[in-house]
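One letter stands for each residue in the lines below.
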Amino acid sequence: SEEERQLIEKVKQAMPQLNAFLEQTLPVLEAKRYAESLKELTIKDPLTGLYNRRFVEQVLDNITAGILRRSTVLGVLMCDVDYFKKVNDQYGHDVGDEILKEIARVLRENVRKSDIVSRFGGEEFLILLVDVRKGDAEMVAEKLRKKVESVTFHTKAGPLKKTISIGVSEFPVDSTGIWQVIKFADVAHYKAKELGRNRVV
């Protein structure tokens, strides 16, 4: 029909502009995607896919402000893998990496989406439980400890069992300074190690 013919004609005429538009826009989209993956690199730990320490440091002020505004509690869990050095020494770093990846997965899958699980150091993880009630953090920590203990890690070196030690503190219950609260969790975590590991303190 005449209408169709006119439409085809219009599209044909518009083609060069469309192409020019796409040529200009695609690099922008590419650049955007590139920027996003760069951002991922700066806030995510490449091995485990968890947030890194830098990201936690960036968001802490916002998180704590929200906690104070809503009068809730932020649970702070500092944990690490028991006798992790042994794994690296006995089976090599590849197996150590496999263990870290799997433990990271277990931790992430057993907290809520709104919680922040980060790799804070070598085999150290810091978990922030956002908007919990007083006392909840310890229960979550115990759940995580049991979960890790129950998993068999299938590695290159065969099946392995690992455990974690967790130190728990609460903001603003234990202190109104967030770094002080993180320090308390760290101290509690060392206490858990001293008391024989595979426990929550």
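Predicted model, so just to flag it, every value in this text is computed and none were measured.

K.L.:
Please give an account of the packing of aromatic side chains that cites residues and values.
P.N.:
Summed over all chains, the structure comprises one aromatic pair. For the ring pair Tyr51 and Phe55, a centre distance of 4.0 Å and an interplane angle of 15° mean the geometry is stacked. Accessibility expressed as a relative area gives 27% for Tyr51, which makes it partly exposed. The ring of Tyr83 is capped by Arg197, whose NZ or CZ atom sits 4.3 Å from the centre of that ring.

K.L.:
Talk me through the pairing of strand S3 (residues 116–119); I want residue IDs and the actual numbers.
P.N.:
Because side chains alternate across S3, one face comprises the buried residues Ile116 and Ser118, and the other comprises Val117 and Arg119, equally buried. In this structure, strand S1 (residues 51–52) lies alongside S3, joined through two bridges in parallel fashion. Bridge assignment links Tyr51 to a residue of S3, and that residue is Ser118. Bridge count between S3 and strand S4 (residues 124–132): four bridges; the pairing is antiparallel. Residue pairing in the sheet places Val117 in a bridge with Ile127 of S4. Linking S3 to S4, which pair antiparallel, is a turn of four residues.

Rules of the game
Residues numbered from 1 in each chain as written. Predicted model: local features only at pLDDT ≥ 70, side-chain atom pairs only at ≥ 80, totals over all residues. Heavy atoms only, no water. Phe/Tyr/Trp six-rings, centres within 6.5 Å; stacked < 30°, edge-to-face > 60°. Buried < 20%, exposed > 50% of the residue type's maximum accessible area, 1.4 Å probe, protein only. Lys NZ or Arg CZ within 6 Å of the ring centre and 35° of its normal. Helix = DSSP H or I, 4+ residues; strand = E, 2+ residues; numbered from the N terminus. Pairing = 2+ DSSP bridges.

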